[in-house]
Amino acid sequence: MPKPKRRKRLRPRAAAWNALDAFLREAVRSGVAPGVVACAGTSQGAAHRIACGSRALLPRRERMTLDTIFDLASLTKPMVTAPLVAEAAARGELSPDDPVSRWVEETRGTRVGRLPLRLLLTHTAGFVPDNPMEDYRGGKSRLYAAIAREPFQAKPGTKFIYTDVGYVLLQAVLERRFGRRLDRLAEARIFAPLGFRDTRFGTKPRDRRRVAPTERVRGRWLRGTVHDPRTRTKALAGVAGHAGVFGTAGEVARFAEMILGGGARGGRRVLSSRAVRWMASDQAPRGAGAKRSFGFDIESPYSAPRGSLFSRRSFGHSGWTGVSLWIDPACDGYLVLLTNSIHPDGHKDLKPFRARAATLAARALGARPGRRALPHPEIEAEENRDDPRLSDDRGAVVLALAQAIVTEFPAKPSAVVAHRHSHSDPAAERRRRGADAPESGVVA
């Protein structure tokens, strides 16, 4: 009688990746998203990829593939705007402590104009989550002048408020400083050096069949057209500092590998080590209620994509359309998790899903509970916020911040100024607030 065949035992890492795959497939079956593309790896490259579910449900069902192009929404902030500013600062082309008015003349003589750029980068400038749509009806100059007249929701430098407004102004700073549109700067300084073929502002007509659609607007499915309504306006025309980039999981992973490599990948330097340090360590003012780098989240209500095993010094970002990226130098690992969860019927709470996926991916990558971030030859976490190596002049930072606060908020009882939006419709308010607004139910 023949002996029964022994079932082959999976190696621990293989079993861990299988657990992630099973979780993602179950999430698709349960309706968390029509489909998912995930890519996890290290600075040396991707270790695991999976595509499951559907790229589109309506008007007809289409299979999800690894080369699907997604609307990356607010991943535009850490993948384009923040690194461009950080690199320009590292090169001495501008400074994080420059006032906005140095580069955006429409803000001169206003309280917005006196804000240092670092507060915009860390969402601590005190802006409302979004300025009114009517500000975007004209050209860019009119938009910037309108933002300069908007009331603050908090004193600059005192409170973390996730907002798109600061990144709209950072776009203005970059375009005025270099005399080129943001999409051209991104292509020249980030996308081309990384060898991207699918990642860009907008999409090419020939690639439309590979694009994951989002929602239906005025009877037409948005497919290759950015979902964010402000980015679609006349003022921004699809290219914005806070949204507008489309890309694949594989190319977002390549960006993560470059960050883990201290700004270099495949022997080619894209960002300086100094720019990456700004992006990989807490740069928010003390007492702001969150830890934010230039572009990335570290510790805030938006940190669910970290899960329970990536270290406390890891960092990442998410986007309203259902996308997220998390990077951890402690285990030299990352997870790119791209979904089209907004298709076909709107935004869903993805925090539990993102947290669990991150925990499973971190386990497969070798992360362990309680492990401290390890020293990295390029990405060095700040042990001392007063370390002069990580700031041009800490005293100048404090002085610029103090001047912005004292000038605009003289000594009198402070009050949070309400902005001119109607909050009568909670669903409309969540759409207005844009990418990754806080959601309940965080689990790991």
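Residues numbered from 1 in each chain as written. Predicted model: local features only at pLDDT ≥ 70, side-chain atom pairs only at ≥ 80, totals over all residues. Heavy atoms only, no water.

S.K.: Got a minute to help me understand the side chain of Arg55 in this structure?
M.R.: By secondary structure assignment, the location of Arg55 is in strand 2 (residues 45–56). Classification of Arg55 by relative accessible area gives buried; the value is 7%. A distance of 3.4 Å separates the side chain of Arg55 from the backbone oxygen of Arg209, its partner in a polar contact. (Helix = DSSP H or I, 4+ residues; strand = E, 2+ residues; numbered from the N terminus. Buried < 20%, exposed > 50% of the residue type's maximum accessible area, 1.4 Å probe, protein only. Polar contact = N/O pair within 3.5 Å; in protein donor to acceptor, adjacent residues only side chain to side chain.)

S.K.: How should I be thinking about the packing of aromatic side chains in this particular structure?
M.R.: Two aromatic rings, taken as a pair, are described by how far apart their centres are and by the angle between their planes. Under the counting rule described, the total for this entry stands at seven aromatic pairs. Arranged with centres 5.7 Å apart and planes meeting at 20°, the rings of Phe23 and Phe353 form a pair that is stacked. On the criterion of sequence distance, the pair formed by Phe23 in helix 1 (residues 12–29) and Phe353 in helix 9 (residues 351–365) is long-range, its members being 330 residues apart. Judged by centre distance (5.7 Å) and plane angle (35°), the rings of Phe191 and Phe196 are tilted. The exposure classification of Phe191 matches that of Phe196, with both residues buried. Each member of the aromatic cluster is reached from another via a ring pair, and the members are Phe160, Tyr162 and Tyr302. Taking the ring centre of Phe178 as reference, the NZ or CZ of Arg189 above it sits at 4.5 Å. (Phe/Tyr/Trp six-rings, centres within 6.5 Å; stacked < 30°, edge-to-face > 60°. Lys NZ or Arg CZ within 6 Å of the ring centre and 35° of its normal.)

S.K.: Teacher, can you tell me more about the environment of Asp207 here?
M.R.: Take Asp207: it is sitting in the loop between strand 5 (200–201) and strand 6 (216–217). Look at Asp207 and you get buried, because its relative accessible area is 8%. In the structure, Asp207 is positioned 139 residues away from Thr68 in sequence and 9.3 Å away in space, judged by C-alpha atoms. Setting aside residues up to four positions removed in sequence, Asp207 forms contacts with Ile69, Asp198 and Arg200. (Contact = heavy atoms within 4.5 Å.)

S.K.: Before we go on, may I ask you to explain unusual backbone geometry in this structure?
M.R.: Most peptide bonds are trans, and most residues other than glycine sit at a negative phi. Across the junction of Leu58 and Pro59, the peptide omega takes the value 5°, indicating a cis bond. Following the sequence through the fold, Pro59 ends up in the loop between strand 2 and strand 3 (62–63). Here the residue pair His343 and Pro344 is connected by a cis peptide bond, since its omega of 0° sits within 30 degrees of zero. The residue Pro344 is located in the loop between strand 15 (333–339) and helix 9 in this model. You will see that Arg218, though not glycine, has its phi angle at about 50°, which is positive. Summarising the element assignment, Arg218 is placed in the loop between strand 6 and strand 7 (220–221). Residue classification places Arg218 among the exposed positions, given a relative accessible area of 80%.

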